[in-house]
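# Working through the structure, step by step
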Amino acid sequence: ARLSAARYGKDNVRVYKVHKDEKTGQQSVTEMTVCCLLEGEIDTSYTQADNSVIVATDSIKNTIYIKAKEHPVNPPELYASILGQHFLDKYAHISAAHIDVTVHRWTRMVIDGQPHPHSFLRDGQETRNVEATVTRDGITIKSGIVGLQVLKSTGSAFHGFVRDEFTTLKETWDRILSTDVDAGWTWKKCANLAAVQDGVERFDAAWEAARNITLKTFAEDESASVQNTMYKMCEQILDAVPETEKTNYSLPNKHYFEVDLSWHKGLQNTGKDAEVYAPQSGPNGLIKCEVSRS
Ligand SMILES: O=c1[nH]c(=O)c2nn[nH]c2[nH]1
């Protein structure tokens, strides 16, 4: 037997950082969960019980906090790149650092019409995600949005699909569409950390654009299918963010079934009379795509 792949580190490292603006007294907060895995000349720690090559996962955890103190944690793409680059700079035998950052929502409260200086709310389990791979050959970054739950009560159809001896699904021209958005966009490779930092505002702008494109397309598209609607989202993100090379979506189709109540005094609740539905926990459709520049 031979070791064919190996990476190790610390997962689920929760980090909070506050920024206090001395002039305005306004405070801002960031909360994230970090996973940091290292690759390199570490085989002997697996095969020969040679611990001399191991940067302890506890030390990796410590480094996550130290770098969060020493450097900005926003945008997460920059923090992830700085953190990853540290391990290559410090440890010659480490060849790659895989950094995943999941940023949780703390949205500033608006109290009596005014943004509150130091109070925030968790308005959804949606997260902003970054996967950075830092190597001596450059930095690849994939940004994303995960867990953005959306629903539309009409404006979605699904008909014209294969009908055969396996098909029971009725065609519909008017259905509920609900999904949990998992969207990603992959940046063109950066040669080094300086290239990430140069034009760093592009990361927040891209996240804003991708989120707005997703919501607007979901809301306004007369959807013929999840497939077609998500493709339209991808096209627009590539157009809006020229420094990306591809984008991808993974969308569960979270079904809402009609409930036939006609057995009860002839109550009409199907088709055009449908108002009360049974939301389904599963099974769910799952539609995935990756769209690249042509
Ligand atoms: O949008 C949809 N795409 C599909 O592939 C599918 N299959 N069943 N319902 C569906 N809805």
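Here, every reference points to the structure presented above.
Reference entry: report on the structure contained in this document. Starting from 1, residues in each chain are numbered consecutively following that chain's sequence as written. Totals for whole chains, interfaces and linings use all residues, but because this is a predicted model, local features are given only for residues with pLDDT of at least 70 and pairs of side-chain atoms are given and counted only at 80 or more. The side-chain values count all of the structure's non-hydrogen atoms but skip hydrogen atoms and water molecules.

### Examining the nonpolar core
Residues grouped as a nonpolar core are buried Ala, Val, Leu, Ile, Met, Phe, Trp, Tyr and Cys residues, joined through side-chain atoms within 4.5 Å. Between buried and exposed lies partly exposed: a residue is buried under 20% and exposed over 50% of the maximum accessible area for its type, with that area taken using a 1.4 Å probe on protein chains only. Formed by 60 residues in total, the largest nonpolar core has its most connected members in V34, L38, I64, Y79, I99, V101 and Y249. Strands are runs of DSSP state E lasting at least two residues, helices are runs of H or I lasting at least four, and both sets are numbered from the N terminus onward. In terms of residue count, helix α3 (residues 76–90) provides more of this core than any other element does, 7 residues in total. Each residue touching V101, except ones within four places of it in the same chain, is listed here: M32, T33, V34, P76, Y79, A80, R128, N129 and V130. Contacts: residue pairs with any heavy atoms within 4.5 Å of one another.

### So, the sheet that holds strand β8 (residues 177–187)
Pairing in this open sheet of 8 strands is antiparallel, and the strands run β1-β2-β3-β6-β7-β8-β9-β12 from one edge to the other. Sheet topology places β1 (8–20) and β12 (285–292) at the edges, where each strand pairs with a single neighbour. With strand direction ignored, the average angle separating the axes of adjacent strands in the sheet is 15°. Here strand β6 (residues 127–135) pairs with strand β7 (residues 138–152) via 9 bridges, running antiparallel. Within β7, the position partnered with T135 by the bridge is G138. To define axes, lines are fitted to C-alpha atoms, for helices over the stretch in contact only, and angles between the resulting N-to-C directions are given on a 0 to 180 degree scale. Where helix α2 (residues 57–70) meets the sheet, it contacts β1 and β2 (27–40), and its direction lies at approximately 20° from that of β1. Taken strand by strand, helix α6 (residues 226–240) contacts β8, β9 (244–253) and β12, and its axis lies near 155° from that of β9. Paired strands, as defined in this entry, are two strands with at least two bridges between them according to DSSP.

### So, unusual backbone geometry
In this structure, P75 follows N74 across a cis peptide bond, with omega equal to -15°. The topology assignment puts P75 in the loop between α2 and α3. In this structure, P283 follows G282 across a cis peptide bond, with omega equal to -5°. The residue N12 is not glycine, and still its phi comes out positive at about 60°. Counting through the fold element by element, N12 comes out in strand β1. Phi is positive for A49, close to 55°, though the residue is something other than glycine. Within the element layout of this structure, A49 appears in the loop between α1 (43–47) and α2.

### Quick word on the site of the ligand
For this description, a residue counts as near a given molecule or strand if any of its non-hydrogen atoms is within 4 Å of it. The environment of the ligand is formed by F158, L169, R175, S225, V226, Q227, N253 and I287. Polar contact is defined as a pair of N or O atoms within 3.5 Å, subject to the rule that within protein one atom must be able to donate a hydrogen and the other to accept it, and that residues adjacent in sequence are counted only when both atoms are side-chain atoms. Side-chain polar atom of R175 to an oxygen atom of the ligand: 2.8 Å apart, as the coordinates give it. The side chain of N253 places a nitrogen or oxygen atom 3.3 Å from a nitrogen atom of the ligand. The accessible surface values rely on the Shrake-Rupley method and a 1.4 Å probe; as for residues, cover is taken only from the protein chains in view. Relative to its unbound accessible area of 270 Å², the ligand is 74% covered by the protein chains.

### Comments concerning the packing of aromatic side chains
Any pair of Phe, Tyr and Trp rings, taking the six-membered ring for Trp, is counted once the centres come within 6.5 Å. Such a pair is stacked with planes under 30 degrees apart, edge-to-face with planes over 60 apart, and tilted for the rest. Inspection of the entire model under this criterion finds 3 aromatic pairs. With a centroid separation of 4.7 Å and an interplanar angle of 10°, the aromatic rings of F158 and F161 are classed as stacked. A relative accessible area of 24% means that F158 is categorised as partly exposed. The class of F161 is buried, set by a relative accessible area of 18%. Its guanidinium or amino end placed over the ring of W106, R122 lies 4.2 Å from that ring's centre, counting from NZ or CZ. Here, over-ring charges are defined by two tests on the NZ atom of lysine or the CZ atom of arginine: distance to the ring centre within 6 Å, and angle to the ring normal within 35 degrees. The positively charged end of R202 is found above the aromatic ring belonging to W187, 5.8 Å away from the centroid.

### Details of the pairing of strand β3 (residues 94–104)
Of the strand pairs in this sheet, β2 and β3 are connected by 10 bridges, and their pairing is antiparallel. The residue bridging E39 from the neighbouring strand is A96, located in β3.

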